Amino acid sequence: MPVVLIAEELSPATVEALGPEFEIRHCNGADRDELLRSIVDVDAVLVRSATRIDAEALGAATRLKVVARAGVGLDNVDVRAATQAGVMVVNAPTSNIVSAAELAVALMLAAARHVSPAHAALKNGEWKRSRYTGTELYEKTVGIVGLGRIGVLVAQRLSAFGMNVIAYDPYVQAGRAAQMGVRLVDLDVLLAEADFMSVHLPRTPETIGLIGAEQLSRVKPSLVLVNAARGGIVDEVALYAALKEGRVAAAGLDVFAQEPCTDSPLFELENVVATPHLGASTDEAQEKAGIAVARSVRLALSGELVPDAVNVQGGVIAEDVRPGIPLTEKLGRVFTGLAGEVAQQVDVEVRGEITEYDVKVLELAALKGVFADIVEEQVSYVNAPLLAAERGCAVRLVADPESPDHRNLITIRGTLADGSQVSVSGTLVGINQKERLVEVNGFDVDIEPAEHLAFFTYQDRPGMVGTVGGILGDAGINIGSMQVSRTAPGGDALVALSVDTAIPHDALADIQHAIDAGSVRAVNLV
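A brief structural summary. (Residues numbered from 1 in each chain as written. Predicted model: local features only at pLDDT ≥ 70, side-chain atom pairs only at ≥ 80, totals over all residues. Heavy atoms only, no water.)

Describing the sheet that holds strand β10 (residues 224-227)
Going by this rule: One requirement defines pairing of two strands: DSSP has to find at least two bridges between them. For helices the rule is a DSSP run of H or I covering at least 4 residues; for strands it is a run of E covering at least 2, with both sets numbered from the N terminus onward. Any pair of residues with heavy atoms lying within 4.5 Å of one another is described as a contacting pair. Between N-to-C directions, angles cover 0 to 180 degrees, with each direction set by a line fitted to C-alpha atoms, over the stretch in contact for helices.
With respect to topology, seven strands assemble into an open sheet ordered β8-β7-β6-β9-β10-β11-β12, the strand pairing being parallel. Since the sheet does not close on itself, it has two edges, and those belong to β8 (183-184) and β12 (272-274), each with one partner. Here strand β11 (residues 250-253) runs beside β12; their pairing, made up of three bridges, is parallel. Of the residues in β12, the one forming a bridge with glycine 252 is valine 273. Lying over the sheet, helix α5 (residues 97-112) contacts β6 (141-145), β9 (196-199), β10, β11 and β12, oriented at roughly 150 degrees with respect to β10. Contacting β6, β7 (164-168) and β9, helix α7 (residues 149-159) runs over the sheet at an angle of about 170 degrees to β6.

Describing the environment of leucine 243
As for its position among the elements, leucine 243 is in helix α11 (residues 236-244). Sequence spacing of leucine 243 and leucine 223 is 20 residues, and the spatial spacing of their C-alpha atoms is 9.8 Å. In this structure leucine 243 touches Val248, Ala249, Ala250, Ala251, Leu266, Leu269, Asn271 and Val272, once residues within four positions along its chain are discounted.

What to know about helix α14 (residues 360-372)
Given 3.6 residues per helical turn, the α-helix brings residues three or four places apart onto the same face. This is how it is decided: Each helix should span, by expectation, one fewer than its residue count multiplied by 1.5 Å. Throughout, exposure labels follow a simple rule: accessible area from a 1.4 Å probe, protein chains only, divided by the maximum for the residue type, with under 20% read as buried, over 50% as exposed, and the rest as partly exposed.
Its 13 residues give α14 an end-to-end C-alpha distance of 18 Å, which sits within 8% of 18 Å, the value for a rise of 1.5 Å per residue. Judged by how many residues are buried, α14 sits mostly within the fold: 11 of 13 residues are covered. Residues of α14 that are buried include every one of Val361, Leu362, Glu363, Leu364, Ala365, Ala366, Leu367, Lys368, Gly369, Val370 and Phe371, and no others. Along its buried surface, α14 packs onto α13 (324-339), β13 (345-352), α15 (383-390), β14 (394-400) and β15 (408-415).

A few points about a negative patch on the surface
Counted only if it meets this: Candidates for patches are residues over 30% relative accessible area with no salt bridge; among them, like charges are joined within 9 Å and nonpolar side chains (Val, Leu, Ile, Met, Phe, Trp, Tyr) within 5 Å. For the area figures, the Shrake-Rupley method with a 1.4 Å probe applies, and any residue is considered shielded solely by the protein chains shown. Every case where a carboxyl oxygen of Asp or Glu lies within 4 Å of a side-chain nitrogen of Lys or Arg is listed as a salt bridge. Charge counting follows a simple rule: Lys and Arg are positive, Asp and Glu are negative, and His as well as the terminal groups are ignored. By convention, the charge on Lys lies at NZ, on Arg at CZ, on Asp at CG and on Glu at CD.
There is a patch of like negative charges on the surface, built from Glu16, Glu102, Asp283, Glu284 and Glu287. For the negative patch, the element with the highest residue contribution is helix α12 (residues 283-301), accounting for three residues. Along the chain, glutamate 287 falls in helix α12.

Brief notes about the packing of α14 against α15
Two quantities define a packed helix pair, namely the angle between the helix axes and the distance between the axes. The line we're drawing: The scheme is simple: roughly parallel for angles under 35 degrees, roughly antiparallel for over 145, roughly perpendicular for 65 to 115, oblique for anything else. Left-handed describes a crossing in which the near helix is turned anticlockwise from the far one by less than a right angle; the clockwise case is right-handed. Residues are grouped as follows: nonpolar covers Ala, Val, Leu, Ile, Met, Phe, Trp, Tyr, Cys and Pro; charged covers Asp, Glu, Lys and Arg; every other residue, Gly included, is treated as polar.
At their nearest, the axes of α14 and α15 sit 8 Å apart, and the two run at 60 degrees to each other. Considering their axes alone, α14 and α15 lie oblique with respect to each other. As α14 packs across α15, the resulting crossing turns out to be left-handed. Contacts between α14 and α15 involve Leu364, Leu367, Lys368 and Phe371 from the first element and Ala384, Pro385, Leu387 and Ala388 from the second. The residue makeup of the contact of α14 with α15, split by class, is seven nonpolar, no polar and one charged.

What about the sheet that holds β14?
With respect to topology, six strands assemble into an open sheet ordered β14-β13-β15-β16-β17-β18, the strand pairing being mixed. Where the open sheet ends on each side, the last strands, each with one partner, are β14 and β18 (443-447). For this sheet the average axis-to-axis angle between neighbouring strands, irrespective of direction, equals 20 degrees. Each of β13, β15, β16 (421-429) and β17 (434-440) touches α13; the most contacted strand, β16, lies at about 155 degrees to it.

Focus on the layout of surface pockets
Counted only if it meets this: Here a cavity means grid points, on a 1 Å grid over the protein atoms only, where a 1.4 Å probe fits yet cannot get out; a pocket means an open set of points with protein on both sides within 12 Å along at least five of seven lines; lining residues are those with an atom within 4 Å of a point. Grid points are joined across faces, edges and corners, and a volume is the space filled by probe spheres set on the points.
Put simply, the second largest pocket is a space of about 1300 Å³. What lines the second largest pocket is a set of 39 residues, among which Tyr168, Tyr171, Glu206, Leu210 and His505 lie closest to the centre. Mapped onto the lining of the second largest pocket, the elements with two or more residues apiece are α9 (187-193), α10 (213-216), α13, α17 (505-515) and β22 (519-524). Partitioned by chemical class, the residues of the lining of the second largest pocket number 19 nonpolar, 10 polar and 10 charged.

Quick word on the pairing of strand β2 (residues 23-26)
Within a regular strand, the side chains alternate between the two sheet faces. In this sheet, β2 lies alongside strand β1 (residues 3-6) in parallel orientation, the contact comprising four bridges. Bridging from a neighbouring strand, valine 4 pairs with isoleucine 24 of β2.

Remarks on the packing of aromatic side chains
We apply this condition: Centres within 6.5 Å are what make two rings of Phe, Tyr or Trp a pair, Trp counting through its six-membered ring; a difference in plane orientation under 30 degrees is then read as stacked, over 60 as edge-to-face, and the rest as tilted.
For the structure on display, the rule yields one aromatic pair. Look at phenylalanine 256 and phenylalanine 267: their rings are 5.5 Å apart centre to centre, the planes differ by 90 degrees, and that puts the pair in the edge-to-face class. Taken as a pair, phenylalanine 256 in the loop between β11 and β12 and phenylalanine 267 in the loop between β11 and β12 lie far apart in primary sequence, 11 residues in all. Assessed through its relative accessible area of 6%, phenylalanine 256 is described here as buried.

Topic: the packing of helix α16 (residues 464-474) against α17
Packing of α16 against α17 leaves a shortest axis separation of 10 Å and a crossing angle of 155 degrees. If you check the angle between α16 and α17, you find them roughly antiparallel. You can see that α16 and α17 cross each other, and the crossing is right-handed. Across the interface between the two elements, Met464, Thr467, Val468, Ile471 and Leu472 from α16 touch Ala507, Asp510, Ile511, Ala514 and Ile515 from α17. Split into classes, the residues belonging to the contact of α16 with α17 amount to eight nonpolar, one polar and one charged.

Some details on the pattern of salt bridges
Taken as a whole, this structure holds 28 salt bridges when the rule is applied. For arginine 25, the salt bridge goes to aspartate 41, with nearest N and O atoms at 2.8 Å. With a gap of 16 residues between them, arginine 25 in strand β2 and aspartate 41 in the loop between α2 (32-38) and β3 (44-47) connect regions that are remote in the sequence. Between glutamate 349 and arginine 413 there is a salt bridge; the shortest N-O distance is 2.9 Å. Taken together, the residues glutamate 349 in strand β13 and arginine 413 in strand β15 connect sequence positions 64 residues apart. Looking at arginine 413, the relative accessible area reads 28%, which means it is partly exposed. One network of salt bridges, in which partners are shared, links Arg32, Arg52, Asp54 and Glu56.

So, the environment of lysine 244
With respect to the secondary-structure elements, lysine 244 resides in helix α11. The exposure class of lysine 244 is exposed, given its relative accessible area of 56%. Taking the C-alpha atoms as reference points, lysine 244 and valine 154, 90 residues apart in sequence, are found 27 Å from one another.

Here it is, written out as structure tokens:
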């Protein structure tokens, strides 16, 4: 009988969903020694956020097959180490979306009507009706930053309040937004027009500090800002200054750059209502999460396809195809970084010997990579096609046994809204099957898909490589490798490079200006 370890308190419905076919054990996952003793001989472990499943815990487990996180975030699970150990990781990506959306609306209402300070004053024996005069949501403009699943739910709920809804999301097509009654705008327009703003983005290197001092200098002084997504997207120091100086009217915050957070200067301000990351903290969300991961564990231990697996796709995959899966995911992420938007058409082209096998999983891997950095939920092999369909992205798998230049070649090619095309190709080389990028937008390259990549196109002329290197050096960015590819001397050229750390936005802007670049793209695969 398979053994399932429940390492934290979960809904009773979780055990019911597992059923009688499993031996259920319990431990206190927050107690490190107890966890390491208990995990040794179990087939699956169910956790929430207090239990850390890292390389040490995975190493202690002799027969572990599944780690199930009853929630959305996976900060406490080392997915890479689990993948290397052959352990599936599952979560409950949609379990808390309603709860999170409702909390965002609650924070918006509470901040607009000064609920928190008025409540505190009344409990202190003070009746201050005139001091806490608020503002209505009706007929105001709300800007949704990030129109993923939670952002859509918030938009729907605020539309019912009679609000004018605008949104910024470079990875959502305007037609899709219009179907929901949302006007898609760029971030500058949203900052200028919004009376209320609600942030619903994943935390990535690109989104950290997205709403900073510069952005807050351009908003209405009557703005009410809500962040119930991830800490760090809104610069807390800049927000404090804007609130203190009256350049932002109020804020509702559920998340913080460092958590747990109990001593932020923001807590001193009456025009801030704050909660301790309660987005998923409802009975309904916890029950949904427990039931969802219990079902995933049942599927995984019976060898079936697991919809919410984040690192392993269920079903039989040929051994010759498996090494191409992580490469294809990376190609998808590079493709999105190069495109800067969701393509209207994506072709996943697989060429060479592996086309003898079923390569459908590579199409799924490509889509998983394409959407990994642009939606707030965890992307799986099952929900990736749905995400593509929701965003009006048509997908096609092309398999061809002929591959003139490489034993096997995987290309992701897409057509953007303006008709332009983006492409990136990769292959595996040598006995160790090392990953290489071999083509970017028609330019031949040969570069490892490292954690931090950058691509610059420009008109070929002397001194450009030195200029790029100089700017990166001044910014303290160490170059791992650099390649130049060109169509002809003096023609179009591409610089492709890997660096040790993410390139700051200011340095990218300096490079674009200095070499008069046609495009500047940074891609972070961490």
